[in-house]
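# Structural characterization, general
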Amino acid sequence: MARRKKVYEGKAKILYEGPEPGTLVQYFKDDATAFNAEKRDVIEGKGVLNNRLSEFFMAGLGGIGVPTHFIRRINMREQLIRAVEIIPLEVVVRNVAAGSLSKRLGLEEGTSLPRPIVEFYFKDDALGDPLVTEEHIIAFGWAGQQDLDDMVALGLRVNDFMSGLMLGVGIKLVDFKIEIGRIWDGDYMRLIVADEISPDSCRLWDIESGRKLDKDVFRRDLGDLADAYTEVARRLGVMPSNVGHVTKPTLIN
Ligand code: TMP
């Protein structure tokens, strides 16, 4: 296959030029990193799972009128997306205390929050993606007040959709991160959900057992990451139960 022009390579994905102007091809790698890439590994099948899961979540969001970058899946590891100008902020929505919130405020992991909390982190690897306030965002021009209101609204809509979807398959959506991009229709600018939504960017806990079904399995060495993601995909009916390890040939006796 003719190789396309690489536009950007991140820790878990590569972006290639798309077939039409305004589009990109998003390729999901098997690489897993944590703690700003201090910890890294290759998890066979992770890219395939996240491609399918991100497709499933983004297409579902589109179905309820939440705009996303997703156009269509191309193959096991690639999807066609709309090119956007990424706002340099990670939008985190939390329903239950965990991770950095628990650490920062001394809250026991698993404590229910009084309401969903939306946080912003400045996307800068060299700084370790620091937590920032709306004051910083406006003062430094990373986004305007209207953008901020729209980002909070998008985060909360994604939270409602994802929480309900997960609850239906016995999983608690503890928190998640989304990235948001700008697109222009002529002079008119709007914000859409971009990047990915997958177990790499969510905390997902089995409601009955408390088992972690997200990237904390890798961050905290809790077991097989592909098994955890396959379980999420299986419960959602996204893919057959044996597709987690697709690259391995299977011997048929
Ligand atoms: P945190 O508790 O470490 O701040 O993470 C909050 C949520 O954001 C959690 O669901 C994991 C996700 N996340 C990312 O997707 N990328 C990141 O780089 C970090 C730090 C968190």
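Here we summarise the structure given alongside this text. (Residues numbered from 1 in each chain as written. Predicted model: local features only at pLDDT ≥ 70, side-chain atom pairs only at ≥ 80, totals over all residues. Heavy atoms only, no water.)

## Regarding the overall build of the protein chain
Helix and strand content of the protein chain: six helices and 14 strands. Radius of gyration (C-alpha) of the protein chain: 18 Å, near the 18 Å computed for a compact globule of 253 residues. Taken over the C-alpha atoms alone, the protein chain extends approximately 65 × 50 × 35 Å along its principal axes. Expressed as a percentage of the 253 residues in the protein chain, the buried residues total 49%. Considering only residue pairs separated by 6 or more positions, the protein chain has 57% of its internal contacts joining residues 24 or more positions apart. Accessible surface, the protein chain as shown: approximately 12,600 Å² in total, 53% of it carbon and sulfur. Taking the 34 positively charged and 39 negatively charged side chains of the protein chain as two groups, their mean positions are separated by 3 Å. (Helix = DSSP H or I, 4+ residues; strand = E, 2+ residues; numbered from the N terminus. Rg over C-alpha atoms; globule rule 2.2 N^0.38 Å. Buried < 20%, exposed > 50% of the residue type's maximum accessible area, 1.4 Å probe, protein only. Contact = heavy atoms within 4.5 Å. Areas by Shrake-Rupley, 256 points an atom, 1.4 Å probe, with all protein chains shown as cover. Lys, Arg positive; Asp, Glu negative; His and termini not counted. Charge placed at Lys NZ, Arg CZ, Asp CG, Glu CD.)

## Details of the packing of helix 1 (residues 46-63) against helix 4 (residues 145-167)
In contact at an axis separation of 11 Å, helix 1 and helix 4 are set at 120 degrees when each is read in the N-to-C sense. Here helix 4 runs oblique to helix 1, going by the angle between their axes. Once helix 1 is placed against helix 4, the crossing between them reads as right-handed. Within the contact between the two elements, helix 1 uses Phe 56, Phe 57, Gly 60 and Leu 61 and helix 4 uses Val 158, Phe 161, Met 162, Leu 165 and Met 166. Classifying every residue of the contact of helix 1 with helix 4 by side-chain character gives eight nonpolar, one polar and no charged. (Axes fitted to C-alpha atoms, helices over the stretch in contact; angles between N-to-C directions. Parallel < 35°, antiparallel > 145°, perpendicular 65-115°, else oblique. Left-handed = near helix turned anticlockwise from the far one by under 90°. Nonpolar A, V, L, I, M, F, W, Y, C, P; charged D, E, K, R; others polar.)

## Description of the site of the ligand
By nearness alone, 15 residues border the ligand, and Arg 94, Ser 100, Asp 175, Lys 177 and Arg 203 come closest of all. Between the ligand and Ser 100, the relevant distance is 2.6 Å, taken from an oxygen atom to a side-chain nitrogen or oxygen of the residue. Measuring from an oxygen atom of the ligand, one finds a side-chain N or O atom of Asp 175 at 2.5 Å. Alone, the ligand offers 450 Å² of accessible surface; in the complex the protein occludes 77% of this. Sorting the residues of the shell around the ligand by element identifies strand 9 (89-96), helix 2 (99-105), strand 12 (171-185) and strand 14 (202-206) as the ones contributing at least two each. Here the residues of the shell around the ligand are counted per class, giving five nonpolar, three polar and seven charged. (Near = heavy atom within 4 Å. Polar contact = N/O pair within 3.5 Å; in protein donor to acceptor, adjacent residues only side chain to side chain.)

## Topic: the packing of helix 1 against helix 6 (residues 225-236)
Remark: helix 1 packs on helix 6, axes separated minimally by 10 Å, with the N-to-C direction vectors making an angle of 30 degrees. Taken together, the axes of helix 1 and helix 6 lie roughly parallel to each other. Two packed elements cross with a definite hand, and for helix 1 against helix 6 that hand is left-handed. Contact with helix 1, carried on its side by Lys 46, Leu 49, Asn 50, Leu 53, Phe 56 and Phe 57, involves Leu 225, Ala 226, Tyr 229, Thr 230, Val 232, Ala 233 and Leu 236 of helix 6 and no other residues of that element. The class makeup of the residues in the contact of helix 1 with helix 6 is 10 nonpolar, two polar and one charged.

## A look at the packing of aromatic side chains
Within this structure, the stated rule accounts for three aromatic pairs. Ring geometry for Phe 56 versus Phe 57: centroids 5.9 Å apart, planes at 65 degrees, classification edge-to-face. Ring plane angle 15 degrees and centroid distance 4.0 Å describe the contact between Phe 122 and Trp 142, whose orientation is recorded as stacked. Of this pair, Phe 122 sits in strand 10 (residues 112-122) while Trp 142 sits in the loop between helix 3 (134-139) and helix 4; the two residues are 20 residues apart in sequence, bridging distant segments of the chain. Through a chain of ring-to-ring contacts, the aromatic side chains of Phe 122, Phe 140 and Trp 142 assemble into a single cluster. Looking at Lys 39, its charged tip hangs above the ring of Phe 218, at a distance of 5.1 Å from the centre. (Phe/Tyr/Trp six-rings, centres within 6.5 Å; stacked < 30°, edge-to-face > 60°. Lys NZ or Arg CZ within 6 Å of the ring centre and 35° of its normal.)

## Structural notes on the sheet that holds strand 6 (residues 70-73)
Strand order in the open sheet formed by five strands is 1-2-3-7-6, and the pairing between neighbours is antiparallel. Looking at strand neighbours, the two that pair on one side only are strand 1 (6-9) and strand 6, the edges of this open sheet. Each neighbouring strand pair of the sheet contributes to a mean axis angle of 25 degrees, computed without reference to strand direction. In this sheet, strand 7 (residues 78-82) lies alongside strand 6 in antiparallel orientation, the contact comprising three bridges. The residue bridging Arg 73 from the neighbouring strand is Gln 79, located in strand 7. Docked against the sheet, helix 1 engages strand 3 (23-28), strand 6 and strand 7, running at close to 135 degrees with respect to strand 6. (Pairing = 2+ DSSP bridges.)

## Overview of the pairing of strand 14
With five of five residues buried, strand 14 lies mostly within the body of the structure. Neither face of strand 14 is exposed, since Cys 202, Leu 204 and Asp 206 on one face and Arg 203 and Trp 205 on the opposite face are all buried. With five bridges joining them, strand 12 and strand 14 adopt antiparallel strand pairing. Bridge pairing in strand 14 links Ile 171 to Asp 206.

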